[in-house]
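Okay, here's what each chain looks like letter by letter:
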Amino acid sequence: MQGNFSYHNPTKLYFGKDSLNFLKEELKNYGSKVLLNYGSGSVKRNGIYDQVMAILREAGKTIVENPGVMTNPTLEKLNEGVKIARENDVDLILALGGGSVCDYSKAVAASVFCDGDYWDMFWLKQQNPAKGQKLLPVGCILTMAGTGSEMNAGTVITDAEHTFKVGHVFDDRLMPKFSILNPEFTMTVPENQMKAGIYDIMNHIMEQYFSDLDDNTSDYISEGLMRSVINSSRVAVKNPKDYEARSNIMWTATWALNTLIGMGKQQDWMVHMIGHSVGAWTHAPHGYALASVSMAYYRRAMKNGLPKFVRFAKNVWNVNGDGRTDEQIAEAGLQALKEWMTEIGLPLTISEVGATADMIPGITETTVVYPAGYLNLSKEDVTEILKESL
Ligand code: NZQ
Ligand code: ZN
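Note that the coordinates shown come from a computational prediction; the quantities given were computed from them, not determined experimentally.

A.B. asks: Describe the coordination of the zinc ion (ligand 2), and please don't skip the residues or the numbers.
C.D. replies: Looking at the metal site, the zinc ion (ligand 2) is ligated by D200 (OD), H204 (NE2), H272 (NE2) and H286 (NE2), spaced 2.0 to 2.1 Å from it. Mapping the donors of the zinc ion (ligand 2) onto the primary sequence yields the spacing D-x3-H-x67-H-x13-H. Of the two residues, H204 sits in helix 7 (residues 191–209) while H286 sits in helix 11 (residues 286–304), which places them 82 residues apart along the sequence.

Structure below.
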């Protein structure tokens, strides 16, 4: 293992069909005013909202509702949530939804007691709240699997006015205090969002796996997680109601991005940087935006990270290396990735998610670029990757 690190994850998880039962107990740990953030109505249609409201009422909580948290939450909506939380002096933020609602809730929690310009400090300057700044506790009731937001301190916010989507990973203080993961809640997720979530999971693992060339325990865990998500995705795409597959996908999503498999790794995240920019321009589901630029990106990365791509081919995709060169084995691994993406119905080009050639300069401009993984990209390289992905 390279590097020095500390590992601490304070989020308490409740998993399974009965997991919502634990909300009542958790609520006892917090004050009486609860800010309930949710999205554009799915939780009302599938009945989860009613279940949560009944538990909140039974616990005697005063509920302040903040609906309309959009997918890829905006700065404007963040400002609105901060205002509501300040005006109502809330004690707990409860996120009811997917990664967008969870991210958003952490963003509000960080910003409510911030004295300065929280957008500038936390997202543009990537700072953390000052030591001693009060932070609101967040609990998540997750309804969609993919981002890992339920057990990490990530918050991705979009400045819609400037078509700029930017993430900030806060320190441990902003990790949810608890998260409730009931795989049955994910059964009503539209098929395209389920698939986008599946690729998001896969790509989170790849972003951490494809860096460094040392022998690292984290990579062995990653390979197991990738095999699990590939296996379960094949089942879930054929039968979205398969509980075994959906529950494995939900659990894999959490472990793909709860910081564990990034330990001792430099990590990459450039597919996410380019993907975020594609998403800001096209409004594509997050996982689709990532998928649309992945093949062009990994073909480039393969040249510098060949031993890891060989390992990926053999250990994740069971590629037989007999009689093949390392390049051929690595190529076969990427081919297997592409075939799996095609099989489960993911976009392989940015055209499929609504990007056009004339958007490429703008997408390039708003992509955050830094040396990462096996590459040190320039803006020109990003343009090339986008052109190859058209
Ligand atoms: O708005 P509602 O009505 O809730 O509908 C949502 C939304 O339209 C719907 N949905 C969610 N659960 C449902 C459901 N529909 C029916 N039944 C259910 N049970 O699905 C749509 C997508 O939801 P969203 O929360 O936007 O998706 P996701 O979980 O993929 O979150 C995406 C956001 O997370 C960020 C992304 O950039 C994006 O902004 N990310 C956060 C990360 C983190 N915290 O570490 C890392 C990720 O890489 C990612 O960047
Ligand atoms: Zn992601």
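Further notes follow.
A.B. asks: Quick rundown of the sheet that holds strand 4 (residues 92–97)? Include the residues and the values.
C.D. replies: Within the open sheet, the six strands sit side by side as 1-8-5-4-2-3. Their pairing is parallel. Each end of this open sheet is capped by a strand with a single partner; those strands are strand 1 (12–15) and strand 3 (62–66). Taken pair by pair, the neighbouring strands of this sheet meet at an average axis angle of 20 degrees, ignoring direction. As judged from the five bridges shared by strand 4 and strand 5 (residues 138–142), these two strands associate in the parallel manner. When the sheet's bridge partners are listed, G97 is paired in strand 5 with L142. Against the sheet, helix 3 (residues 48–58) contacts strand 2 (33–38), strand 3, strand 4 and strand 5, and its axis sits at roughly 175 degrees relative to strand 2.

A.B. asks: Help me get a handle on the site of ligand 1, residues and values and all.
C.D. replies: Every one of the 31 residues lining ligand 1 counts as a neighbour, but T71, G99, S100, D103 and T188 are closest to it. Take T143: an N or O atom from its side chain is 2.8 Å from a nitrogen atom of ligand 1. With respect to ligand 1, the side chain of H286 contributes an N or O atom lying 2.9 Å from an oxygen atom. Here ligand 1, which alone exposes 960 Å², has 92% of that area covered by the protein. Among the residues making up the shell around ligand 1, the classes are represented as seven nonpolar, 21 polar and three charged.

A.B. asks: Quick rundown of empty space enclosed by the protein? Include the residues and the values.
C.D. replies: All chains considered together, the criterion is met by one cavity of 30 Å³ or more. By volume, the largest cavity is sized at about 70 Å³. Lining the largest cavity, in full, are M144, A145, T186, V189, Q193, M194, I198, R246 and I249. Among the secondary structure elements, those contributing two or more residues to the lining of the largest cavity are helix 7 and helix 9 (243–256). It is helix 7 that contributes the most residues to the lining of the largest cavity, three residues altogether. Of the residues in the lining of the largest cavity, the class split is six nonpolar, two polar and one charged.

Calculation notes
- Residue positions within a chain follow its written sequence, with the count starting from 1.
- Each chain takes a letter, starting from A, and each ligand takes a number, starting from 1, following the order in which they are written.
- A pLDDT threshold of at least 70 governs which residues receive local features in this predicted model, and a stricter bar of 80 or more applies before side-chain atom pairs are shown or counted, although totals over entire chains, interfaces and linings include all residues.
- The basis for the side-chain values is all heavy atoms of the structure; hydrogens and waters are excluded.
- Metal sites are built from N, O and S donor atoms within 2.8 Å, or 3.2 Å for Na, K and Ca, and they leave out water, so they may look incomplete.
- Secondary structure counts use DSSP, requiring at least four H or I residues in a row for a helix and at least two E residues in a row for a strand, with both numbered from the N terminus.
- Strand pairing requires that DSSP identify at least two bridges connecting the strands.
- To get an axis, a line is fitted to the C-alpha atoms, and for a helix only the part in contact is used. The angle between two axes follows their N-to-C directions and goes from 0 to 180 degrees.
- Any two residues whose heavy atoms approach within 4.5 Å at even a single point are treated as in contact.
- Here, proximity means that at least one heavy atom of the residue falls within 4 Å of the molecule or strand.
- N or O atoms within 3.5 Å of each other form a polar contact, as long as, within protein, one can give a hydrogen and the other can take it, and as long as residues adjacent in sequence are counted only when both atoms are side-chain atoms.
- Areas reported as accessible are Shrake-Rupley estimates using a 1.4 Å probe. Residue values count occlusion only from the protein chains shown.
- Residue polarity follows a fixed list, in which Ala, Val, Leu, Ile, Met, Phe, Trp, Tyr, Cys and Pro are nonpolar, Asp, Glu, Lys and Arg are charged, and the others, Gly among them, are polar.
- Cavities and pockets were defined on a 1 Å grid built from protein atoms only: a cavity is a group of points that admits a 1.4 Å probe but offers it no way out, a pocket is an open group of points flanked by protein on both sides within 12 Å along at least five of seven lines, and a lining residue is one with an atom within 4 Å of any such point.
- Grid points are joined across faces, edges and corners, and a volume is the space filled by probe spheres set on the points.

In short, the description is geometric, and any link to function would need to be established separately.
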